Amino acid sequence: MRAIGIILAGGNNHRMRELSQKRAIAAMPIAGSYRSIDFALSNMTNSRIQRVAVLSQYNAKSLNEHLASSKWWDFGRKQGGLSVFTPTVTNENNSWFRGTADAIYQNLDYLRESHEPYVVIASGDCIYKMDYNKVLEYHIAKKADITVVCKDMPAHENVDRYGILKMNEESRIEEFEEKPIVANSNTISCGIYVIRRRQLIELIERGAEDGQYDFVKDILIRYKNMKRIFGYKITSYWKNIASVEDYFAANMDFLKPDIRDYFFRQYPDIYSKVDDLPPAKYNVGANIRNSLISSGSIVNGTVENSVVFKGAFIGNNCTIKNSIILNDVYIGDNTYIENCIVESHDTIRANSYHKGEGEIKIVIEKNDRFVI
Amino acid sequence: MLLAGGQGSRLGVLTAKVAKPAVSFGGKYRIIDFPLSNCINSGVDTVGVLTQYQPLRLNTHIGIGIPWDLDRNVGGVSVLPPYEKSEDTEWYTGTANAIYQNIEFMDTYNPDYVLILSGDHIYKMDYEVMLDYHKAKGAEVTLAAMPVPMEEAKRFGILVTDDERRITEFQEKPEHPNSNLASMGIYIFNWATLKEALIANASQPGLDFGKHVIPYCHDKGSPCYAYEFNGYWKDVGTLNSYWEANMELIDIVPEFNLYEEYWKIYTKSDTLPPQYISAESEIEKCIIGEGAQIYGKVYNSVIGCGVTIGADTIVRDSIIMNEAEIGKGCEVYKGIIAENAQIGDNVKLGIGDEAENDSAPHIYNHGLVTVGEKSVIPSGVTVGKNAVVSGITSKEDYPDGALPSGKTLIKEVAEV
C-alpha cells in the first residue's frame with residue numbers, strides 16, 4: 001500500500017454524557033465484542049496499510065490497554081507497525097494537542113520519516129467497513145489534493161452535528177460547513193481523508209505558523225477554493241458516535257440481521273483484542289429474546305432486545321430490556337433495567353430498578369462487587 | 001513434552017480426520033488447550049508438542065503459540081513431528097520412543113527437569129507445585145496420580161506406595177489392585193535420569209513410559225514418587241466420557257469451572273462476534289460460543305463458535321461443534337455433531353428405540369447419535385440412537401427416509 005494511516009482518537013464530548021468520564025470515544029465498546037477504534041484499525045490492515053499512527057489524548061487508559069499489543073490487527077511486524085502518540089513535552093512544545101491538525105503537527109516527524117506517498121486519515125469513532133485503496137485510486141484519478149469520504153444522509157435526519165458539504169457535478173467540493181446552524185445539504189463528511197504526504201506536511205506547517213490547529217476548519221474549509229478537494233461518496237453502512245443516542249443506536253443496529261451479517265460474516269473481518277473468555281453460559285431461568293450476548297457472560301434472567309457485552313453476570317429473575325450492558329457488569333437478582341446503558345465494571349445491587357424515561361439512562365453505580 | 005500424536009480411535013468419526021488432542025471441547029476449546037494452558041499458567045514456557053496422527057488441525061491451532069503466550073524469543077512452543085534420519089527412520093512407535101527421538105530437542109535447552117504430558121485429558125493442574133514436590137522428595141521420577149474407586153482401579157496403571165509416597169510397585173491394569181492410586185500419565189523426570197533410561201531402552205519395540213521406562217527407573221533404584229492430585233481430571237477417551245465431560249460444564253457451578261479469573265484456559269479464537277439469540281428462541285442450561293446464531297430452542301447443550309441453529313429446531317442434551325449448521329424444524333437428542341457439519345431442515349436425530357450399533361458397539365453407545373465433521377445430512381430424514389453418520393449423504397442413503405438406531409452410514413468425504 002502506498003499510504004500510511006493516521007487515526008484520530010483523541011476526543012470525547014459532553015453529548016456522551018457520563019460515558020465520557022471513563023474513556024475516549026475511540027475506546028467505546030461496540031457490538032458486544034469490539035471497540036470503536038477496531039473498525040478503523042481493521043479497515044487499515046485489510047487495506048494493507050502497514051504503518052499506522054493513533055493520535056490520542058483524552059483519558060487514554062482504556063485505549064492504551066486495548067492497543068497494548070498490535071498483533072490483533074496484524075500490526076506486530078518488522079515492516080511498519082502501530083504507534084500510539086499522546087502529547088509529550090519536548091524542547092519546542094509543551095502543550096496538549098490543541099486540535100486535530102495540531103495533533104498531526106506535533107507528530108510531524110512521523111510523517112517526514114515515512115516514505116509512502118499518501119496518507120489516509122480516519123477517526124476512531126466511526127463504525128464502517130472500507131477499502132481505503134478504492135478512495136486512493138479515486139484520489140489519484142481525480143488528481144485531487146485532498147479527498148473527503150462523504151455520505152448522503154436520509155432527508156429527514158438531523159445533520160447539524162456533522163461537517164456538511166456540497167459538491168459540483170465533477171464531485172469537487174464547493175461548500176464545506178462544520179456543524180452548521182442550518183444545513184443546506186444532506187451530504188456529510190465521514191471524517192476520512194486521503195492526501196499526499198508532502199502536501200499534508202506543507203499544509204499542517206503553514207497552519208501551525210498561523211496558529212491554526214483544526215484540520216476541518218483550518219485546512220479543508222480554508223483551502224476549499226484554492227486546492228482541489230474532492231468528495232468520494234459511499235452508500236455502505238457508516239455511523240459516527242458523537243452522542244449517547246448515536247452510541248445506543250449503533251449498538252442496536254447489530255440486532256438487525258443484514259448489519260450483523262455485513263460486519264460479522266462477510267469478508268473482510270473486523271479484528272479486536274482477544275480476551276480468552278469462556279463461552280457464554282445460560283442457566284435455568286434464562287430467557288433471551290432478540291439479543292446479542294458476548295463471551296464470558298452468565299445469564300440467569302430475561303434479556304430482551306439488548307446487547308450484553310463481555311463477562312457480564314445477570315442474576316436470577318432479572319429483566320433487561322432495550323438496554324446495553326457493558327463489559328464485566330454484575331447485576332444482582334430481581335433487578336429491572338429498561339432503556340439504559342450500564343457502565344462497564346459496574347455492580348448493580350439486587351432488587352434495583354432502572355428505567356430510562358424519554359431518554360437513555362446511564363447507570364453508573366460504584367458498589368462493591370462482593371458484599372457479605 | 002506434550003504427547004499429541006495419538007488417534008483416539010474410541011472417539012470414532014470425531015477423530016477420523018483430526019488427532020484426538022485437536023477435537024473441540026466445551027464450545028470453543030480443543031482438548032490440547034487444557035495441558036497447554038496448564039503449562040503457561042505453571043510457568044513452563046518451553047514446550048515441545050509431539051504430533052504424528054493427522055497433525056494438520058493441531059499445527060494450525062498451535063501455530064507459533066500466540067494464544068498461550070508461548071511465542072518466545074527463547075523456548076516457546078515447538079511442534080515435533082517424526083522426521084527422516086540417515087538411518088533407522090521410523091514413526092513414533094510408543095510414548096517414550098517419541099521422546100527418545102527428540103533427545104536432541106531437549107538437549108538444546110539442557111533442562112534440569114522434563115515434564116511429560118499427554119494431550120487428551122481435561123484438567124487444571126499447577127505443574128510447578130508438582131515440581132516443588134519432586135524436588136522436596138529428592139525424587140528422580142514423579143508420577144501424578146489420583147485416587148479412583150477400587151472397582152475401577154483395574155482400568156488404570158496403579159501405583160503402590162509406602163507411607164512417604166515412594167512407589168514400591170507398579171501394576172498395569174491389575175486384576176487385583178493393591179492400591180487405588182491411578183497414574184494420570186503426567187510425569188516429571190530429572191533430565192539425566194530420563195536420558196539415560198531412554199538410551200538404555202532404545203531398542204525396545206514400542207518403547208512406552210508406563211510399560212518400560214518407569215519400571216526400568218524403578219528397578220534401577222531411582223527414587224520414584226507418586227504425587228497425589230485431587231482436583232478435576234477427566235479422560236475423554238470414549239464418546240460417552242467425552243459427552244459427559246461436556247455436559248458437566250453446564251451445571252450451575254460446574255466442578256470444572258471455566259469462569260474463574262485465576263487459571264484461565266486459552267485457545268485460538270477465530271471467531272470474535274457476540275452470539276445472537278432471536279426473538280423466538282428458548283435457551284436453558286447451555287454454554288454457547290462466539291458468533292453463534294440461535295433461532296431455535298436449545299436445552300442442556302454445549303454449542304461451539306459460529307454455529308447456526310434454525311427456527312423451530314429443538315436441540316437437547318447435545319454437543320454441536322464449531323461452524324456446524326442445523327436447519328429449521330429439526331430435532332436433535334443426545335447428538336454429537338462435529339465441526340462444519342450441515343444438517344438440512346426437518347431432520348430428526350436420536351429418535352427411536354435403543355439398538356446396539358452394528359459396526360462398533362464399543363464406540364457408539366449410550367444412545368448417542370454422532371455426526372462426523374463436514375458431513376451433510378439431507379432435509380427430512382430421521383436418524384436413530386447409537387447411529388453414526390459421516391460424509392456427504394443424500395436422500396438415497398436413507399431408505400424410507402430413515403437410518404434406524406444402531407446403523408452406521410460412513411461415506412468418504414470427496415476430495416476437493
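Residues numbered from 1 in each chain as written. Chains lettered and ligands numbered in written order. Predicted model: local features only at pLDDT ≥ 70, side-chain atom pairs only at ≥ 80, totals over all residues. Heavy atoms only, no water.

1. Re the overall build of chain A
Piece 1. For chain A, the count of helices and strands is nine helices and 28 strands.
Piece 2. When the backbone C-alpha atoms are referred to their principal axes, chain A occupies close to 65 × 45 × 40 Å.
Piece 3. For chain A, buried positions account for 58% of its 372 residues.
Piece 4. With 47 positive and 46 negative side-chain charges, chain A shows a separation of 3 Å between the mean positions of the two kinds. (Helix = DSSP H or I, 4+ residues; strand = E, 2+ residues; numbered from the N terminus. Buried < 20%, exposed > 50% of the residue type's maximum accessible area, 1.4 Å probe, protein only. Lys, Arg positive; Asp, Glu negative; His and termini not counted. Charge placed at Lys NZ, Arg CZ, Asp CG, Glu CD.)

2. Overview of the environment of Ile7 of chain A
Residue and element names in this part refer to chain A.
Piece 1. In this structure, Ile7 sits in strand β1 (residues 3-8).
Piece 2. Judged by relative accessible area, Ile7 falls into the buried class, the value being 0%.
Piece 3. A sequence separation of 37 residues divides Ile7 from Met44, and the C-alpha atoms of the two residues are 9.5 Å apart.
Piece 4. Not counting residues up to four positions away in its chain, the partners in contact with Ile7 are Ile37, Ala40, Leu41, Met44, Val52, Ala53, Val54, Leu55, Ala122, Ser123 and Gly124. (Contact = heavy atoms within 4.5 Å.)

3. Re the pattern of salt bridges
Piece 1. A complete count under the given rule lists 37 salt bridges over all chains for this structure.
Piece 2. The partner of Arg57 of chain B in a salt bridge is Glu373 of chain B, with the nearest N and O atoms 2.6 Å apart. Of this pair, Arg57 of chain B sits in helix α2 (residues 56-62) while Glu373 of chain B sits in the loop between β26 (369-371) and β27 (376-377), and the two are 316 residues apart along the sequence.
Piece 3. Residues participating in the shared-partner salt-bridge network are Arg17, Glu18, Glu245 and Glu359 of chain A. (Salt bridge = Lys/Arg side-chain N within 4 Å of Asp/Glu carboxyl O.)

4. Details of the sheet that holds strand β24 (residues 336-338) of chain A
All names here are of chain A.
Piece 1. The strand order across the open sheet built from five strands is β15-β18-β21-β24-β27, with neighbouring strands paired in parallel fashion. Each edge of the sheet is formed by a strand with only one pairing partner; in this case those strands are β15 (287-289) and β27 (353-355). Within this sheet the neighbouring strands show an average axis-to-axis angle of 5°, counted without direction.
Piece 2. With three bridges joining them, strand β18 (residues 302-304) and strand β21 (residues 319-321) adopt parallel strand pairing. The partner of Thr302 across the bridge, within β21, is Thr319. (Pairing = 2+ DSSP bridges. Axes fitted to C-alpha atoms, helices over the stretch in contact; angles between N-to-C directions.)

5. Section: the side chain of Asn283 of chain A
Piece 1. In this structure, Asn283 of chain A sits in the loop between β14 (280-282) and β15.
Piece 2. The class for Asn283 of chain A is buried, based on a relative accessible area of 3%.
Piece 3. If sequence neighbours within four positions are ignored, Asn283 of chain A has contacts with Ile298, Val299 and Asn300 of chain A together with Ile250, Ile252, Glu284 and Lys285 of chain B.

6. What about the packing of helix α6 (residues 191-200) of chain B against helix α7 (residues 209-220) of chain B?
Residue and element names in this part refer to chain B.
Piece 1. It is the contact of α6 with α7, at a shortest axis distance of 10 Å, that shows an interaxial angle of 115°. Of the possible angle classes, the one that applies to α6 and α7 is roughly perpendicular. Where α6 crosses over α7, the two elements pack in a sense that is right-handed. Along the contact surface, α6 presents Thr193, Leu194, Glu196, Ala197, Leu198 and Ala200, while α7 presents Phe209, Val213, Tyr216, Cys217 and Lys220. (Parallel < 35°, antiparallel > 145°, perpendicular 65-115°, else oblique. Left-handed = near helix turned anticlockwise from the far one by under 90°.)

7. Overview of the pairing of strand β4 (residues 46-50) of chain B
All names here are of chain B.
Piece 1. Of all five residues that make up β4, four are buried, and the element is covered over most of its length.
Piece 2. Inspection of the sheet shows strand β1 (residues 2-3) paired to β4 by two bridges, in the parallel sense. Following the sheet pairing, Leu3 is matched in β4 by Leu50.
Piece 3. Pairing of β4 with strand β5 (residues 76-80) involves five bridges; the strand directions are parallel. Its bridge partner lying in β5, Val47 is registered against Val77.
Piece 4. Since β4 and β5 lie parallel, the crossover through α2 that links them has a hand, and here it is right-handed. (Right-handed = clockwise from strand over helix to strand, strands pointing away.)

8. Description of a negative patch on the surface
Piece 1. There is a patch of like negative charges on the surface, built from Glu169, Glu170, Glu174, Glu175 and Glu177 of chain A.
Piece 2. The residue Glu177 of chain A is located in strand β10 (residues 173-178) in this model. (Patch = residues over 30% accessible without salt bridge, like charges linked within 9 Å, V, L, I, M, F, W, Y side chains within 5 Å. Areas by Shrake-Rupley, 256 points an atom, 1.4 Å probe, with all protein chains shown as cover.)

9. Let's talk about the side chain of Glu339 of chain B
Residues and elements named next belong to chain B.
Piece 1. Here Glu339 lies in the loop between β23 (335-337) and β24 (342-343).
Piece 2. The exposure class of Glu339 is buried, given its relative accessible area of 6%.
Piece 3. One polar contact links Glu339 to Arg30, side chain to side chain, over a distance of 2.9 Å.
Piece 4. Here Arg57 takes part through its side chain, which lies 3.4 Å from a polar atom of the side chain of Glu339. (Polar contact = N/O pair within 3.5 Å; in protein donor to acceptor, adjacent residues only side chain to side chain.)

10. Examining the sheet that holds strand β18 (residues 308-309) of chain B
Piece 1. One open sheet holds the eleven strands; their spatial order is β28(A)-β25(A)-β22(A)-β19(A)-β16(A)-β14(B)-β16(B)-β18(B)-β21(B)-β24(B)-β27(B), and the pairing between them is mixed. Strands at the two margins of the open sheet, each flanked by one partner only, are β28 (361-363) of chain A together with β27 of chain B.
Piece 2. In the sheet, β24 of chain B pairs with β27 of chain B via two bridges, with the strands oriented parallel. By the bridge assignment, Gln342 of chain B is partnered in β27 of chain B with Val376 of chain B.

11. Thoughts on helix α5 (residues 132-141) of chain A
Residue and element names in this part refer to chain A.
Piece 1. Within the sequence span of α5, burial applies to Tyr132, Val135, Leu136, Tyr138 and His139. Projected down its long axis, α5 carries its buried residues within an arc of 160°, all on one side. Exposed residues on α5 whose side chains face more than 90 degrees from its buried face are Glu137 and Ala141.
Piece 2. Taken together, the buried residues of α5 touch α1 (37-46), β6 (118-123), β7 (126-128), β8 (146-152), β11 (187-196) and β12 (229-234).
Piece 3. Following α5 by one or two positions, Lys143 adopts a phi angle in the positive range, close to 50°. (Arc of directions from axis to C-beta.)

12. Some details on the interface of chain B and chain A
Piece 1. Across the contact, 43 residues belong to chain B and 36 residues belong to chain A.
Piece 2. In total, chain B and chain A occlude about 3,000 Å² of area from one another, counting both sides; carbon and sulfur atoms represent 52% of this.
Piece 3. Considering only the side of chain B, the residues that lose the most area to chain A are Tyr259, Leu272 and Pro274 of chain B, jointly responsible for 22% of the buried surface there.
Piece 4. On inspection of chain B and its partner chain A, the count reaches zero salt bridges.
Piece 5. The tally of links between chain B and chain A comes to 21 residue pairs in polar contact (both at pLDDT 80 or more).
Piece 6. Looking at the side of chain B that touches chain A, the element that brings in the most residues is strand β15 (residues 282-288) of chain B, giving six residues.
Piece 7. Here the side of chain B that touches chain A is composed, by residue class, of 22 nonpolar, twelve polar and nine charged.
Piece 8. Bridge count between β14 of chain A and β15 of chain B: three bridges; the pairing is antiparallel. Bridging from a neighbouring strand, Ala280 of chain A pairs with Ile288 of chain B of β15 of chain B. (Buried area = accessible area lost by both parts, 1.4 Å probe. Nonpolar A, V, L, I, M, F, W, Y, C, P; charged D, E, K, R; others polar.)

13. Looking at the nonpolar core
One broad rule of soluble globular proteins: the nonpolar side chains tend to lie buried together.
Residue and element names in this part refer to chain B.
Piece 1. Among the nonpolar cores identified, the biggest contains 73 residues, and Phe25, Met125, Ile186, Tyr242 and Ile336 are the most heavily contacted of them.
Piece 2. Ranked by residue count, the leading element in this core is helix α8 (residues 239-248), at five residues.
Piece 3. Among all residues touching Ile186, those that are not within four sequence positions of it are Leu115, Ile116, Leu117, Tyr123, Met125, Tyr127, Met130, Thr142, Leu143 and Ala144. (Core = buried A, V, L, I, M, F, W, Y, C linked by side-chain atoms within 4.5 Å.)

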